[in-house]
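So you can see what is in the structure, the chains are spelled out below.
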Amino acid sequence: MGPEIEIDLRGLKCPLPVLRARKALASLAPGDLLRLWADDPVAVIDIPHFCREAGHELVGTEETGTATLYLIRKG
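Residues numbered from 1 in each chain as written. Predicted model: local features only at pLDDT ≥ 70, side-chain atom pairs only at ≥ 80, totals over all residues. Heavy atoms only, no water.

Draft legend 1. Quick peek at the sheet that holds strand β4 (residues 68–73). Strand order in the open sheet formed by 4 strands is β1-β2-β4-β3, with mixed pairing between adjacent strands. One side of each edge strand has no neighbouring strand; the edge strands of this open sheet are β1 (4–8) and β3 (57–63). Direction aside, the axes of adjacent strands within the sheet are offset by 15 degrees on average. Pairing between strand β2 (residues 33–38) and β4: 6 bridges, direction antiparallel. Bridge pairing links Leu33 to Arg73 in β4. Against the sheet, helix α1 (residues 16–26) engages β1, β2 and β4, with an angle of about 160 degrees to β2. Contacts from helix α2 (residues 43–54) reach β2, β3 and β4 within the one sheet, and its direction differs from that of β4 by about 5 degrees. (Pairing = 2+ DSSP bridges. Helix = DSSP H or I, 4+ residues; strand = E, 2+ residues; numbered from the N terminus. Axes fitted to C-alpha atoms, helices over the stretch in contact; angles between N-to-C directions. Contact = heavy atoms within 4.5 Å.)

Have a look at this one:
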């Protein structure tokens, strides 16, 4: 397991969370972890779909009161 980075995308609406996730993942090596915070209601559909299509692993999600944390391992 390699390094990880965390980005806070709260307040951004579709399609910006996916676009920013793509950009952040481009700077990582395969196997590295991205911790992504988002509060856009559409992100619960967009982020898993993006991971499947791009070959990344959605390791898990964690709901908080105001946002969702997505753990994404670069494929």
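From this point on, the discussion continues.
Draft legend 2. Up close: the side chain of Asp32. As for its placement among the helices and strands, Asp32 is situated in the loop between α1 and β2. For the buried Asp32, which has no salt bridge, the nearest side chain bearing the opposite charge is Arg73, at an N-O separation of 6.6 Å. Reaching out from Asp32, the side chain makes a polar contact with the backbone nitrogen of Ala29 at a distance of 3.0 Å. (Buried < 20%, exposed > 50% of the residue type's maximum accessible area, 1.4 Å probe, protein only. Lys, Arg positive; Asp, Glu negative; His and termini not counted. Salt bridge = Lys/Arg side-chain N within 4 Å of Asp/Glu carboxyl O. Polar contact = N/O pair within 3.5 Å; in protein donor to acceptor, adjacent residues only side chain to side chain.)

Draft legend 3. The arrangement of the environment of Ala26 in detail. Mapped onto the elements, Ala26 comes out in helix α1. A C-alpha to C-alpha distance of 14 Å links Ala26 and Phe50, two positions 24 residues apart in sequence.

Draft legend 4. Representation of the environment of Lys13 in the model. Locating Lys13 in the fold gives a position in the loop between β1 and α1. Sequence spacing of Lys13 and Glu63 is 50 residues, and the spatial spacing of their C-alpha atoms is 18 Å.

Draft legend 5. Summary view of the pairing of β1. Here β1 pairs with β2 via 5 bridges, running parallel. Within β2, the residue paired with Glu6 across the bridge is Arg35. Considered for its hand, the β-α-β crossover made up of β1, α1 and β2 is right-handed. (Right-handed = clockwise from strand over helix to strand, strands pointing away.)

Draft legend 6. Structural context of the side chain of His56. As for its position among the elements, His56 is in the loop between α2 and β3. Looking at His56, its side chain comes within polar contact range of the main-chain nitrogen of Gly75, at 3.0 Å. Discounting residues that sit within four places of it in the chain, His56 has contacts with Leu25, Phe50, Cys51, Ile72, Arg73, Lys74 and Gly75.

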